[in-house]
Amino acid sequence: MNPVASALGGAFILAGLGALAGLVSPARWRSAAVGMASAAVGVAGAAAGVAAVSGRPWQAYLPDVLPLSGVRLAVDPLSGWLLLLVGAVAAVVGVYTAGYAGQGGHGPAGRGALAVLPLFVASMLLVPAAGSVSTFLLGWELMAATSLLLVLAEHRHNPAVRSAALWYAAMTQAGFVSVLLGLTWLAAAGTGESFAAIRAGGVDLPPVTASGVFLLCLAGFASKAGVVPLHPWLPRAHAEAPSHVSALMSAAMVKLGVYGIVRVGFDLLGGGPRWWWLLLGALGAVSALYGILQAAVATDLKRLLAFSTSENVGLILLGLAAAGVWSGAGEGAVAGVALAAALLHMANHAAFKTLLFCGAGSVLRATGTRDLDALGGLSRRMPATTTLFTVGALGAAALPPGNGFVSEWLLLQALLHQAPQAGAVLTVAAPVAVAVVALTAGIGVATFVKVLGTGFLARPRGDGAAAAVESPRWMLAGMGLAAAGCAALAVAPVVAAPALDRVASGLRAGPALFEGGGVDLRLAGIASTLSPLWVAVGVVALAVATAVAGRAFGRGRRRAPAWDCGDGPLTARMEYTATSFAEPLQRVFDDVLAPEQDVDVTHSAESAYLVRAVQYRRRLPDRIEARLYRPLVAAVEAAGRAGRRLANGSLHRYLAYMLAAVVAVLVAGVIR
Amino acid sequence: MNAWVSAIAQVVLVAAAAPLVIGLMRGVRARLEGRAGGRLVQPWRDLRKQLRKEPVIPADAGIFFIAAPLVLVATSVLVAGVAPFLSTVGPLPGVADLVVVVGLLLLGAAALALAGLDTGTAFGGMGASREVTIAALVEPTALLAVFALSTRVGSTDLGRIVAAGATDPALVFTPASALAAAALGVAALAEAGRLPVDNPATHLELTMVHEAMVLEYAGRDLALVEWAAAMRLSILLGLLANLFIPWGVATNPRPAALALAAGVFVVKVAGLAALVAAGEVFVAKLRLFRVPELLAGSFVLGLLAVIASSVLA
């Protein structure tokens, strides 16, 4: 039997068992049972993915599972890459959940909230495994529904959850409709609804149909991926969901939106005109910049991480856009590098974002707050969490020797490449893209220095942070696994090279991406080399050598109070907070962020010249949300109110509507 | 094997000469301002004095405060070893990449910023906040200049870029190259914390950036920070020198060629340092919120460099 088939089958059976365990097991064991079951589903899914990317494709048609269309599964290397990512994230998060949810933990422990978790993982495995339009849409909708239930898990404790879930529900369903329209149009215009048939007939689609399908699918998938301006659900849902769910959504589910774009754009439609990819690149650039800017000024830890997801998805889209443009220009090898950058960044982001959201969950559990301004001082109270979070932050800041740096380097190589006859558009677009990546990387460093520095270092600024204790073992184990994944991707990305090669050649991109052996990343078509292992070894070895040499100078360090300008002891109130840390950046980007400031001066009752209190308030509302979505929501509400008048309860009126509808249909038929 | 010899020679040269470069710049400034100034080796004497003193760390600081000087030194030494200062054939071609070098220098800056926050003082946080703001804005300029330089050889490998320039002068004397030099020059000044972005000689709270972050360091920790900062300045000047005046660099790691290259390199860096110091006499430090305008200007230069490099290629 094909290994993919057995692993996937095992994953779905385990998911069923896990859901059952969540429903029937006693509260004491529930979180451990469900956590382990989810981890097992993840391991099975990852195994299926490994089998698929190492060249064991598999497909099956199960006509009896669903009426009319049946279920069609097809796993190729691209699906395999996503199965691997989703499975690995789920395995880590499953282990973490065993400690995070339930007794002694922080997350929801109810039957429903836990039973849905394995089902969510299974539905995320079904999406990349789907081999036909109907199966894909089924998996997509299952994924949306189960994730919505999980987002709602804590609605009793936290009223903000309801609004977040409402945003998520509305946007995910709007996205679903868009994808549904796109894919059914594609199936209707082509030769059938299975991906194989569409792929075979995709070449002779009329350009209008192809572009229409691409745009509809792009809108739907981009909203799932959290691409600006379709992102407003993301910071809400990621912030308000329980942390293990945030990790799953941000590290795994968001990637499936990207998968959809790759599947439809590169595979089913077989590439397209250049403007598709330039549009995708523009979306990616806006998303990367806007996401990281909002993250830089955010003070809510999980909201910040959510905006960083928007940023990373933007970078992935930039890679895809470069791949599309270069493969259209006949530069197959560079297109392969760009595609590899995008795929590798998906893996890197999955690794470090799992770690960071799990770390945020640890912080939330220990301190009860997500507000960076009220944190601080955790490095002494939670040393293991701080260390693990630092590993994730290093990756997210795209600094060497973190894992994020490797994929950003690949992305830059693909963008820096200049084709001899690139044309005026690319001559301008490529450097702008490089500048976007660079600015994103720079602000990303500022953002994660802020998170670490104000969240974990110095002394606590709030009671919660002062009373923090280290997380239980299962949570640390989960985070440790994610950190190991980050480290492996950081020093040995070459291991993934054959898999990336196979995915890229399946998508008609470049031939060999990486030549030669050893630990270096060598590119075909670009004469640049990166040895991440040497960078890591060099930095660590030299730092250790310096420390040892420093010891030779003998004297131990003495602790003393920091310089307080001779004005009494320093207090935590004097520390820089996350808000004050980001203030210069916020001021530089004032025009983009448009902060709202209020200064309320209360005068003394006796005299207007005496000031009793001055209150300063600053808010940084999401500008796109305020300008784009508020009017839209208002318009929909107004339309709903207007529509209410149509149904006033009069039966005659309803009969008249029906008659009018019948007449309209008949007339339309006659005219046609 | 010879590649490793040249790398070690580079590290030793940069490490030994970096404090002297600071001494030279102070001397030039002092002369131009009509002061006598200190001796050339004064920075080395200061370092020796600091090394003998007892290191004191703030009561609230943790492991990040202790680790930052080590990371700063490690990144500087690593870059000093792999960059093509003496020879274009380094031992680790996969590290001698312009993007990697920019990233490593940024890693050092980030480590120091974290240390500033770890002290728990307002000064440390203020310096860290300003430092990362400037670093974030320098990054696009630096990478665009990299873009302009890499297109002419089709690689971001530093050794290749310098070797191509050294063998074919026509590659260096181009409009793109001049624009990139201007952009990278401003970026290097900002990165090294020199005027007009930051004043290394100030201890005034309104103007400090780098100094505010390292206020709490003492003893050998301070010595390491100061020494690494000096090395970073030398590295940036050395990169500027070899990217835009690439002659004299050994393209084969033979001892005689390396010795000649060392001499030429010292002269080039000393010349650039003297030039920067002379320039600093005539400029004032910019207000912090005018710095983005300066960096935006250099960013535009970088963008023009890239477009010129592809249009006029």
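Everything numeric in this text was worked out from a predicted model, so none of it was measured.

Peer 1: Help me get a handle on the overall build of chain B, residues and values and all.
Peer 2: Tallying secondary structure elements over chain B gives eleven helices and one strand in all. Taken from the N to the C terminus, the helices and strands of chain B come in the order α-α-β-α-α-α-α-α-α-α-α-α. Since a compact globule built from 313 residues should have a radius of gyration of about 20 Å, the 19 Å found for chain B is in line with a globular shape. For the C-alpha atoms alone, the extent of chain B along its principal axes is close to 55 × 45 × 45 Å. Considering chain B as a whole, with its 313 residues, one finds that 61% of them fall into the buried category. In chain B, the share of contacts with a sequence separation of at least 24, taken over all contacts with a separation of at least 6, comes to 81%. Surface accessibility of chain B: about 10900 Å² in total, with carbon and sulfur atoms responsible for 69%. Here chain B carries 21 positive and 19 negative side-chain charges, and the mean point of each set is 10 Å from the other.

Peer 1: A description of a nonpolar patch on the surface should follow, citing residues and the corresponding values.
Peer 2: Where nonpolar side chains cluster on the molecular surface, the patch consists of Val-519, Trp-534 and Val-537 of chain A together with Trp-4, Ile-8 and Val-12 of chain B and spans about 530 Å² of accessible area. Mapped onto the nonpolar patch, the elements with two or more residues apiece are helix 21 (532–552) of chain A together with helix 1 (2–32) of chain B. Here the element with the most residues in the nonpolar patch is helix 1 of chain B; it accounts for three residues. The class of Val-12 of chain B is exposed, set by a relative accessible area of 52%.

Peer 1: I'd like a rundown of the packing of aromatic side chains, residues and numbers included.
Peer 2: All names here are of chain A. Overall, the coordinates contain 18 aromatic pairs over all chains when judged by the stated rule. A ring pair is formed by Phe-136 and Trp-140, whose centres lie 5.6 Å apart and whose planes are at 20°; its orientation type is stacked. Here the residue Phe-136 and the residue Trp-140 both occupy positions in helix 5 (residues 133–151), the gap between them amounting to four residues, near one helical turn. Of the residues examined, Phe-136 reaches a relative accessible area of 1% and is grouped as buried. Its relative accessible area of 1% is what places Trp-140 among the buried residues. Following the ring pairs from residue to residue traces out a cluster consisting of Phe-136, Trp-140, Phe-195 and Phe-221. Looking at Arg-72, its charged tip hangs above the ring of Tyr-61, at a distance of 4.2 Å from the centre.

Peer 1: Account for the environment of Gly-124 of chain B, naming residues and giving values.
Peer 2: Residues and elements named next belong to chain B. With respect to the helices, strands and loops of the structure, Gly-124 is situated in helix 5 (residues 122–151). Taking the C-alpha atoms as reference points, Gly-124 and Ala-17, separated by 107 residues in sequence, lie 29 Å from one another. If we ignore the near neighbours within four places in the chain, the residues touching Gly-124 are Gly-116, Leu-117, Thr-119, Ala-212 and Met-213.

Peer 1: Any details on the pairing of strand 2 (residues 71–75) of chain A? Residues and values, ideally.
Peer 2: Residues and elements named next belong to chain A. Burial along strand 2 is one-sided: Val-71, Leu-73 and Val-75 are buried, and none of Arg-72 and Ala-74, which face the opposite way, are. Pairing of strand 1 (residues 58–62) with strand 2, which is carried by five bridges, proceeds in the antiparallel orientation. Bridging from a neighbouring strand, Tyr-61 pairs with Arg-72 of strand 2.

Peer 1: Account for unusual backbone geometry, naming residues and giving values.
Peer 2: Residues and elements named next belong to chain A. Residue Val-228 is joined to Pro-229 through a cis peptide bond whose omega torsion reads 10°. Tracing the chain through its elements places Pro-229 in the loop between helix 8 (207–225) and helix 9 (233–240). A cis amide bond links Pro-400 with the next residue in sequence, Pro-401, at an omega value of 0°. The residue Pro-401 is located in the loop between helix 15 (383–396) and helix 16 (403–416) in this model. Of note, the phi angle at Ala-398 is positive, near 55°, even though the residue is not glycine.

Peer 1: Mind laying out the environment of Val-225 of chain B, listing which residues take part and the relevant values?
Peer 2: Residue and element names in this part refer to chain B. Within the element layout of this structure, Val-225 appears in helix 9 (residues 219–244). Here the alpha-carbon distance between Val-225 and Ala-68, two residues 157 residues apart in the chain, equals 8.4 Å. In this structure, Val-225 is in contact with Pro-69, Leu-72, Leu-112, His-210, Val-214 and Tyr-217, ignoring residues within four places of it in sequence.

Peer 1: Explain helix 4 (residues 111–129) of chain A to me, using residue names and the numbers behind them.
Peer 2: Taking 1.5 Å per residue, 19 residues should reach 27 Å; helix 4 of chain A reaches 28 Å between its end C-alpha atoms and fits that length. For helix 4 of chain A, the principal kink sits at Leu-117 of chain A and spans about 25°; a proline, Pro-118 of chain A, occurs within the next four residues.

The rules behind the values
- Every chain's residues receive numbers from 1 upward, in the order its sequence appears when written.
- Going through the entries in the order they are written, you letter the chains from A and number the ligands from 1.
- Residue-level local features of this predicted model are given only where pLDDT is at least 70; pairs of side-chain atoms are given and counted only at 80 or more, and the full residue set underlies all totals for whole chains, interfaces and linings.
- To get the side-chain values, all heavy atoms of the structure are used, and hydrogens and water are removed first.
- The secondary structure listing takes helices from DSSP runs of H or I that are at least 4 residues long and strands from runs of E that are at least 2 residues long, numbered from the N terminus.
- Note that the radius of gyration is over C-alpha atoms, with the globule rule given as 2.2 Å times the number of residues to the power 0.38.
- Partly exposed describes any residue whose relative accessible area lies between the buried limit of under 20% and the exposed limit of over 50%, with all areas from a 1.4 Å probe on protein chains only and scaled to the type maximum.
- By definition in these notes, contact holds between two residues if any of their heavy atoms fall within 4.5 Å.
- All accessibility values rest on the Shrake-Rupley procedure with a 1.4 Å probe; residue burial counts only the protein chains present in the view.
- Counted as positive: Lys and Arg. Counted as negative: Asp and Glu, with His and the chain ends omitted from the count.
- By convention, charge coordinates are those of NZ in Lys, CZ in Arg, CG in Asp, or CD in Glu.
- Candidate patch residues must exceed 30% relative accessible area and have no salt bridge, after which like charges are joined if within 9 Å and Val, Leu, Ile, Met, Phe, Trp or Tyr side chains if within 5 Å.
- Salt bridge, as applied in this entry: a Lys or Arg side-chain nitrogen positioned within 4 Å of an Asp or Glu carboxyl oxygen.
- Aromatic rings from Phe, Tyr and Trp, taking only the six-membered ring of Trp, are treated as a pair when their centres fall within 6.5 Å; an angle between ring planes under 30 degrees marks them as stacked, one over 60 as edge-to-face, and anything in between as tilted.
- Criterion for a charge above a ring: Arg CZ or Lys NZ at most 6 Å from the ring centre, at most 35 degrees from the ring normal.
- At least two DSSP bridges between two strands are needed for those strands to be called paired.
- For a helix, the expected span equals 1.5 Å multiplied by the number of residues minus one.
- To get the bend at a residue, fit one axis to the 7 residues ending there and another to the 7 starting there, then take the angle between the axes.

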